[in-house]
Amino acid sequence: MTELLENGVRDSAAFTLGGEAATVEAVARGILHAANGRIDSSEFVAAARDAWETLPVPLRQEVRRFRRHSGPRGRLLIRGLPVGEEARHTPSSADSVQREASVAAALLLMVACGLGDPAAYLQEKSGALVQDVVPVPGREEFQGNAGSVLLSFHTENAFHEHRPDYVMLLCLRADHEGVAGTRTACVREVLDLLSPAAAQTLRLPEFITEAPPSFGAGCEGAVHHPVLGGSGTDPDLRVDFAATRATTEAGTAALAELGALFERVSTMSELLPGDLVIVDNHVTAHGRTAFTPRYDGRDRWLQRTFALTALRRSRGQRPEDGYVLIQ
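Along each chain, residues carry numbers from 1 onward, in the same order as the chain's sequence is written. Residues qualify for local features only when their pLDDT is at least 70, as the model is predicted, and side-chain atom pairs are given and counted only at 80 or more; totals for whole chains, interfaces and linings, by contrast, use all residues. Hydrogens and water molecules were not included; the side-chain quantities draw on all heavy atoms of the structure.

What should I look at first to understand the overall build of the protein chain in this one?
Where helices and strands are cited, they refer to DSSP runs of H or I of at least four residues and of E of at least two residues respectively, numbered from the N terminus. Scanning the protein chain for helices and strands turns up seven helices and 20 strands. Projected onto the principal axes, the alpha-carbon positions of the protein chain cover approximately 55 × 45 × 40 Å. Sorting the 327 residues of the protein chain into buried and exposed places 56% on the buried side. Restricting the contact set of the protein chain to residue pairs at least 6 apart, pairs at least 24 apart contribute 79%. Surface accessibility in these figures is a Shrake-Rupley result with a 1.4 Å probe; residues are shielded only by whichever protein chains are displayed. Carbon and sulfur atoms make up 51% of the accessible area of the protein chain, which amounts to about 13700 Å² in all. Exposure classes here rest on a 1.4 Å probe applied to the protein chains alone. A residue is buried below 20% of its type maximum, exposed above 50%, and partly exposed in between. In what follows, residue pairs with any heavy atoms lying within 4.5 Å of each other are defined as contacts.

What follows is the structure, encoded as structure tokens:
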């Protein structure tokens with residue numbers, strides 16, 4: 001059953017791993033010592049790529065189907081994944097990342113290899129392939145992974161030429177009250193609801209997106225682009241409602257119409273430990289509802305990894321054919 005919300009729906013549809021969780025955990029643990037546990041190394045990624053092929057067939061089939069076509073909502077929720085016995089305190093710094101091998105990190109990199117290749121950006125979280133998404137004291141109002149207020153809908157790194165094809169968010173720990181909802185809204189759901197004028201305007205290069213604050217100072221942004229591109233019947237989406245602005249009045253109105261429709265059709269899931277959301281960054285924007293952190297070491301803790309399906313296209317920005325883009 002799907003429970004209606006005031007805006008959008010709470011989605012109960014998910015692929016549940018079930019009895020094969022133990023097999024998945026065994027595969028993940030089997031590569032923890034690869035490259036001395038240095039998960040950002042090419043050697044560890046190679047081990048994760050090989051290990052992906054030994055994961056249970058139903059899980060691999062579900063991910064591969066999603067890669068071929070991500071469906072009307074452009075998201076896949078997988079439940080029941082092993083994340084290990086996580087006894088550590090939730091990190092509380094904006095630059096927190098995972099550098100050493102863990103069950104959760106190995107799992108993220110294996111699935112990233114099933115989708116394509118893992119990737120990161122040097123100016124964001126120091127280029128770590130597995131990044132912590134945690135609330136940070138003093139940054140509650142931040143429109144990014146360190147905040148705890150309502151996070152606006154956005155496609156990841158909308159300003160960047162080589163945006164992630166997929167965004168993966170794995171829950172290690174839920175927020176205390178269980179109210180933090182991961183929200184998604186897909187352009188496929190609103191295409192027939194847009195007015196003809198708005199749909200036409202959103203295809204014009206009359207929008208500018210700045211680099212997000214998480215990339216720090218000195219990152220070039222202000223890229224002019226259309227919000228909708230590509231196919232007329234299944235367009236690509238490029239927008240960040242906290243960072244994208246229109247250069248015309250018609251563009252401003254069209255952007256507002258799109259945002260209102262996203263609120264209307266949005267899907268929300270309160271993630272539990274072992275829940276993995278994969279977002280198709282070509283067609284689906286994501287965000288998060290507000291929550292109240294306590295900064296007691298047990299706050300909400302997600303880990304994030306990006307995947308690119310055509311790594312070669314960013315070759316000029318990846319030294320030594322690695323997985324970190326430097327621009």
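There's more to say after this.
What is the right way to read the packing of aromatic side chains from this model?
For this analysis, a ring pair means two rings from Phe, Tyr or Trp (six-membered ring only for Trp) whose centres lie within 6.5 Å, classed as stacked if their planes differ by under 30 degrees, edge-to-face if by over 60, and tilted for the remaining angles. Counted by the stated rule, this structure contains four aromatic pairs. Taking the centre distance of 5.9 Å and the plane angle of 50° together, the rings of Phe66 and Tyr166 count as tilted. In this pair, Phe66 is assigned in helix H3 (residues 57-68) and Tyr166 in strand E9 (residues 166-173), connecting sequence segments 100 residues apart. Overall, Tyr166 belongs to the buried group, its relative accessible area being 4%. Measuring from centroid to centroid gives 6.0 Å for Phe241 and Phe262, while their planes differ by 80°, and the two rings are edge-to-face. In this pair, Phe241 sits in the loop between strand E14 (235-237) and strand E15 (244-246) while Phe262 sits in helix H7 (residues 249-265), placing the two residues 21 residues apart along the sequence. Relative accessible area serves as the criterion here: at 26%, Phe241 is assigned to the partly exposed category.

Explain the pairing of strand E17 (residues 276-280) to me, please; I cannot follow it from the model alone.
The two faces of the sheet receive side chains in turn, since in a regular strand these alternate between them. Most of E17 is tucked away, with five of its five residues classed as buried. Across the two faces of E17 the burial is the same, with Leu276, Ile278 and Asp280 and Val277 and Val279 all buried. Bridge count between strand E4 (residues 75-79) and E17: four bridges; the pairing is antiparallel. Within the sheet, the bridge partner assigned to Leu76 lies in E17 and is Ile278. Pairing of E9 with E17 involves five bridges; the strand directions are antiparallel. Across the sheet, the residue bridging to Tyr166 is Asp280, located in E17. Think of it this way: DSSP has to see at least two bridges between two strands before they count as a pair.

Quick question: what am I supposed to make of the side chain of Arg60 here?
Among the secondary structure elements, Arg60 is positioned in helix H3. A polar side-chain atom of Arg60 sits 2.8 Å from the main-chain carbonyl oxygen of Leu55. Filtering out sequence-adjacent residues up to four positions away, Arg60 remains in contact with Trp52, Glu53 and Leu55. Distance and chemistry together define a polar contact, namely a pair of N or O atoms within 3.5 Å, with one atom able to donate a hydrogen and the other to accept it when in protein, and with adjacent residues in sequence counting only for side-chain atoms on both sides.

Help me out: how do you make sense of the pattern of salt bridges in this one?
Here, a salt bridge means any Lys or Arg side-chain nitrogen found within 4 Å of an Asp or Glu carboxyl oxygen. Summed over the entire model, instances satisfying the criterion amount to 15 salt bridges. The partner of Asp40 in a salt bridge is Arg99, and the shortest N-O contact between them spans 2.7 Å. With Asp40 in the loop between helix H1 (21-29) and helix H2 (42-52) and Arg99 in the loop between strand E5 (97-98) and helix H4 (103-115), this pair connects stretches of sequence that are 59 residues apart. Looking at Asp40, the relative accessible area reads 25%, which means it is partly exposed.

Honestly, H4 in this entry has me stumped. Any pointers?
Counting along an α-helix, one turn takes 3.6 residues, and residues three or four places apart therefore face a common direction. In a helix, the anticipated span is given by 1.5 Å times the number of residues less one. The terminal C-alpha atoms of H4 lie 19 Å apart, and with 13 residues this matches the ideal 18 Å at 1.5 Å per residue to within 8%. Of all 13 residues in H4, 13 are buried, a share of seventy percent or more.

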